[in-house]
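Coordinate inspection notes
The primary structure of each chain is shown beneath.
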Amino acid sequence: MRHFPWLRRNRLLTPCLMAGAGLLALTLTGCAPSRTAGASAGQPKEAGAPPLPAAQATQAAAPTTPPPPTAEEQHVRLLIAQVEAAYARGDADYRRGMLAEAKVEFDRSVDLMLSSGLDIRAIPQLQDEFDKIVDQVNALEMEALKQGNGFVPKEEITPSEAASDVTFAADPNLVAKATAELATTKSDLPLMVNDYVASYINFFAYTQKGHNTLLHSFERAGHYKSMIQRILADEGVPQDLIYLAVAESGFNPRAVNRRSRAGGMWQFMPGPYYGLKRDSYLDERFDPEKSTRAYARYMKFLYGELGDWYLAMAAYDHGAGNIQHEVAKTGYADFWELYRRNELPGETRNYVPEILAAIIIANHPTQYGFDDITLDPPVLTDTVTINYSIDLRLVSDLVGAPVDEIEALNPSLLRMATPPEASFDLHLPAGTATLFEQRAALIPEARRSSWRYHTVAAGDTLKSVAQEYRVAAAELASANQLSESESIAGLEALVVPVPPAAEPLARTRLYTVRRGDTLVTIADRFGISLSQLRRWNAIPSGIRVQPGRRLRVAEPAAVRASRSHRRRTSSGESKAGSGAHANSTASKPGPAPPAHRTASSASKSGPSRAAKKAPAARNSSAHRPAHHTHPSP
């Protein structure tokens, strides 16, 4: 039982106080008893102490009307409502086992407060909300860590990596079954089954590890299948060569090999191969459509050099010059003969049969237990060709979609902005191209690399919006042709004159530091070294870091690689294909209308409002995994 000393002391004092009070009452009563009686007898009743006036009693009992909330209080209430909504979405995703999606929403709930422009520590209500959300998220992450990797998605290996140690003995029955099914297989490749191919069919069809990795690869292919098939047909390349992506990346367009630096769905080495452009702003190896075009042209070149699709596949892994050397050395222009003679490195020996196994299973999925394939739907997009630099955060503002979705739709961008003075096909959520163009017209072209577009919410003021984006209220008012004291209650949106940064932010993963984190625990969580974490975040020494700080925890495009091989391309090969990207054209920013202008007529006071109601943006309430990307056809 818990004791409260202060309460015990008060209890001891209570009898003494009561006794003292009684004694005092008796003393006061005995001092003038006759005067009291005489007064009562000789004076009218009205001479006694009058009761409190009724009006005063009524006034004391009446409830007081609270003052109306200030603009800051309204801002805080709205912010907390947004934070709670983001957390609720994250909690719902967490309960469904969607940890990556949950992490995005949890991070958003914290970031809303950190980027609000309000001093969290000076506002008790906001400080309590911040502490509550951080504690709840930390508790859920600890729960997730007990079951696996926490909120960090477990890196999934490709089917090729899963099958790297296949050593199954030949199964004559499986060879016979697969051979019989080839008679009814419609393929534009000369498919065959032997003991080597049958070993991989056995692994992918009849082991849990093999089945799961190939199943996930098949499902992910749904994002890109129609686009890849169209390009292979355009270039005159067999359709079943789509399944080289199973071995290369598992259809992951952001895959990077950490050792060789090969990248993209088709794992090209850095370089201008077949028109793939690469500079400080973009790397078209990560563009699903442009890299697929380069892949198809390269395969067509390899077949022209070697005259055999199996040798062309082997050359894609091992290099055309190496395959030509081995053919000349043995006198056999036959992949299986080179295999039997041990003329090929182990990786290339496995490369062709595992792809053939994937092709055979893809053509007969139900016979091999893959009747549960549900292809991921293609993400439909709009495409706008622009020739100016625009910040992806502004794009997010204009179309009303999360910035991570805009990044995912444009995987070739290495920075949070499109290239300056160059043509770029910007991919947008489906149905938002018109909205983008209407709203982008409100901002001068030369300012689109830094300015923002803010949708006005209830309780917003010029001062609160200026604080949120860390700009001067006078500059915000001027950019929207408003006076600094003018209300923005009737406006739909404001353009925000954010000053340009020294250089656009590189695309990279950001982590918001939580209480209890150190640089050591953060580095361990993301599988990076302490020196890398310090270098990327300009932290010279020490391991302590302030909660709420956002740290870079990965290099741009640092996604798990699929294979260790290099894409070897001779100088002759690199010139075989024509450029797949449009030539860049410089453009000079011309005069632009006032930033706030819309098609609405000017108000009576002169300046028009920054907010004619535009067509509604695409509903973004559903979660969108960052890897769901699909360029427009």
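Please read all numbers here as calculations on a predicted model, not as lab measurements.

Within the protein, the secondary structure is distributed over 25 helices and six strands. Looking at the protein residue by residue over its 633 residues, the buried ones come to 47%. Summarising the internal contacts of the protein: among those between residues at least 6 apart in sequence, 70% fall at separations of at least 24. Within the structure as shown, the protein displays about 31700 Å² of accessible surface, and the carbon and sulfur contribution to it stands at 54%.

Formed by 75 residues in total, the largest nonpolar core has its most connected members in Leu244, Met299 and Tyr316. Of all the elements, helix α17 (residues 346-363) adds the most residues to this core, at nine residues. Counting residues in each nonpolar core, the second largest holds 28 residues, with Leu282, Leu398, Trp451 and Val495 among its members.

On average, residues of the protein score 75 in pLDDT, and 71% of them reach the 70 mark or higher. With pLDDT under 50 throughout, residues 1-58 is counted as low confidence; its partners more than four residues away or in other chains account for zero contacts. Between residues 556-633, whose pLDDT stays under 50, and residues either more than four places distant or in other chains, the model counts 220 contacts.

Looking at the secondary structure, you find glycine 431 in the loop between β2 (424-429) and α20 (433-440). For glycine 431, a relative accessible area of 63% puts it in the exposed group. Taking C-alpha positions, glycine 431 is 7.5 Å from threonine 381, a pair spaced 50 residues apart along the chain.

Looking now at the pairing of strand β4 (residues 493-496). Side-chain alternation along β4 places Ala493 and Val495 on one buried face and Leu494 and Val496 on a second face that is also buried. Here four bridges tie strand β3 (residues 452-455) to β4, and the two strands are oriented antiparallel to one another. Bridging from a neighbouring strand, tyrosine 453 pairs with valine 495 of β4.

Thresholds applied
- Residues numbered from 1 in each chain as written.
- Predicted model: local features only at pLDDT ≥ 70, side-chain atom pairs only at ≥ 80, totals over all residues.
- Heavy atoms only, no water.
- Helix = DSSP H or I, 4+ residues; strand = E, 2+ residues; numbered from the N terminus.
- Buried < 20%, exposed > 50% of the residue type's maximum accessible area, 1.4 Å probe, protein only.
- Contact = heavy atoms within 4.5 Å.
- Areas by Shrake-Rupley, 256 points an atom, 1.4 Å probe, with all protein chains shown as cover.
- Core = buried A, V, L, I, M, F, W, Y, C linked by side-chain atoms within 4.5 Å.
- pLDDT = per-residue confidence, 0-100.
- Pairing = 2+ DSSP bridges.

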